[in-house]
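Now for the letters of each chain:
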Amino acid sequence: EAKAKGRNTLRFFDPVMQATLQARLQLENDLHKALAEGQFKLHLQPQVNAAGEVLGAEALIRWLSPNGLVSPLQFIPLAEETGLIVPIGCWVIEAACDLLLEWAQDPRMAHLQLAVNVSAKQFRQHDFIEQILGTIISKQVNPERLKLELTESVVLDDIEDTINKMNVLKEAGLSFSMDDFGTGYSSLSYLAELPLQQLKIDQSFVRGISSNPINAIIVQTVIGMANNLDIESIAEGVETETQFQFLKAHGCKLFQGYYFGRPVPAENFQVGTLHPITFMLGS
Ligand code: C2E
Ligand code: MG
Ligand code: MG
Ligand code: MG
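Throughout this description, residue numbers start from 1 for each chain and increase along the sequence as written. Chain labels run from A onward and ligand labels from 1 onward, assigned in the order the entries are written. Residues qualify for local features only when their pLDDT is at least 70, as the model is predicted, and side-chain atom pairs are given and counted only at 80 or more; totals for whole chains, interfaces and linings, by contrast, use all residues. The side-chain quantities take in all heavy atoms of the structure and omit both hydrogens and water.

Chemist: Which residues make up the overall build of the chain, and what are the values?
Modeler: Secondary structure elements are defined from DSSP: runs of H or I of at least 4 residues count as helices, runs of E of at least 2 residues count as strands, and each element is numbered from the N terminus. A count of helical and extended segments in the chain gives 13 helices and 10 strands. Across its three principal axes, the chain shows a C-alpha extent of roughly 75 × 50 × 45 Å. Residue burial in the chain is summarised as follows: out of 283 residues, 45% are buried. Contact between two residues is taken to exist if any of their heavy atoms lie within 4.5 Å; hydrogens are not considered. Intrachain contacts of the chain at a sequence separation of at least 6 include 65% that bridge at least 24 residues. A 1.4 Å probe rolled over the protein chains alone gives each residue an accessible area, and that area as a share of the maximum for its type sets the label: buried under 20%, exposed over 50%, partly exposed in between.

Encoded structure:
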């Protein structure tokens, strides 16, 4: 009887694998539902200059699931594999443009830049440019306020397509940041060929500034290279005064990290000058 059954049914003999597959299917269903029911939200993390003035923010997606707030690290990889990242990415761009529209009405916010993360699958869509420019034009957002963060893996996936798309979008007024710089395998030779405006030093290097001399050298080198290429340098994951001072002393232009502010719901986002030293004295 077991034999007969075995011939006609697909069976998983590895219970761990079966559980994993079931969890993935569940998550995929939940993500569809999240999109349909509007359970995604943007959190914003400030980006400041050396004086602590907020010049912009990075938009970071959050999923307000029925079971609580879910980090993008827990659903972006599956969303990428299943292709759901495409509609999710469209939602992010639309939500970012809505925020920029609100900011445009507020003299304290109108000058800010908003950076959004773009995943490889999303960027590779044949209609990516139409989608993003369509949203910008229909909402009448100033494209100069919008920055797209690409990772080295997005770029390397198809360099020619990447350069073409970046050029079209740059012509339209958008700007680009290379996210997580230093963690991928990009070669310096084509870095100069990309129409990039910003290099974002990965937080793994920033974290090691005082403990790992190699990391300190890498950070210094990347900042110097960005400055020489006329590309703005920004450090992510700045958590301490020591890291901030080191980065500043070596010519880093912008800073993002818990030291200046954690990602917060867009409605709680504060502008002005963030000066962690005064927070410390005050507390
Ligand atoms: P990312 O783009 O490199 O974003 C930086 C991550 O570092 C964020 O994690 C941020 O909350 C965290 N972070 C910022 N400052 C600090 C700090 O001082 N210390 C530490 N330990 N962490 C810090 P988050 O929000 O969990 O996002 C993780 C990743 O998920 C992002 O990395 C990005 O790759 C992806 N992601 C987030 N939002 C989106 C999105 O809308 N679309 C796509 N495709 N990916 C997204
Ligand atoms: Mg990013
Ligand atoms: Mg990053
Ligand atoms: Mg990162």
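The rest of the description comes next.
Chemist: Please provide a residue-by-residue account of the packing of helix H4 (residues 85-104) against helix H6 (residues 128-139), values included.
Modeler: All axes are obtained by fitting lines to C-alpha atoms, using only the stretch in contact for helices, and the reported angles, taken between N-to-C directions, cover 0 to 180 degrees. It is at 10 Å that the axes of H4 and H6 come closest, and there the two elements cross at 25°. What the angle tells us is that H4 and H6 run roughly parallel. For the element pair H4 and H6, the recorded crossing hand is right-handed. Of the residues in H6, those touching H4 at Cys-90, Ile-93, Glu-94, Cys-97, Asp-98 and Leu-101 are Gln-131, Ile-132, Thr-135, Ile-136 and Lys-139. Residues are grouped as follows: Ala, Val, Leu, Ile, Met, Phe, Trp, Tyr, Cys and Pro are nonpolar; Asp, Glu, Lys and Arg are charged; every other residue, Gly included, is polar. Taken together, the residues of the contact of H4 with H6 sort by class into six nonpolar, two polar and three charged. Here the word oblique covers every angle except those under 35 degrees (roughly parallel), over 145 (roughly antiparallel) and from 65 to 115 (roughly perpendicular). Here a crossing is called left-handed whenever its near helix is offset anticlockwise from the far helix by less than a right angle, and right-handed whenever the offset is clockwise.

Chemist: Give me the coordination of the magnesium ion (ligand 3): which residues, what numbers.
Modeler: Sodium, potassium and calcium take a 3.2 Å donor cutoff, other metals 2.8 Å, and in both cases only N, O and S atoms count; water is not among them, so sites may look incomplete. Coordination of the magnesium ion (ligand 3) by the protein involves Asp-179 (OD), Asp-180 (OD), Glu-236 (OE) and Glu-236 (OE), with metal-donor separations of 2.1 to 2.7 Å. The distance between the magnesium ion (ligand 3) and the magnesium ion (ligand 2) comes to 3.8 Å, and Asp-179 binds to both of them. We classify Asp-179 as buried; its relative accessible area is 6%.

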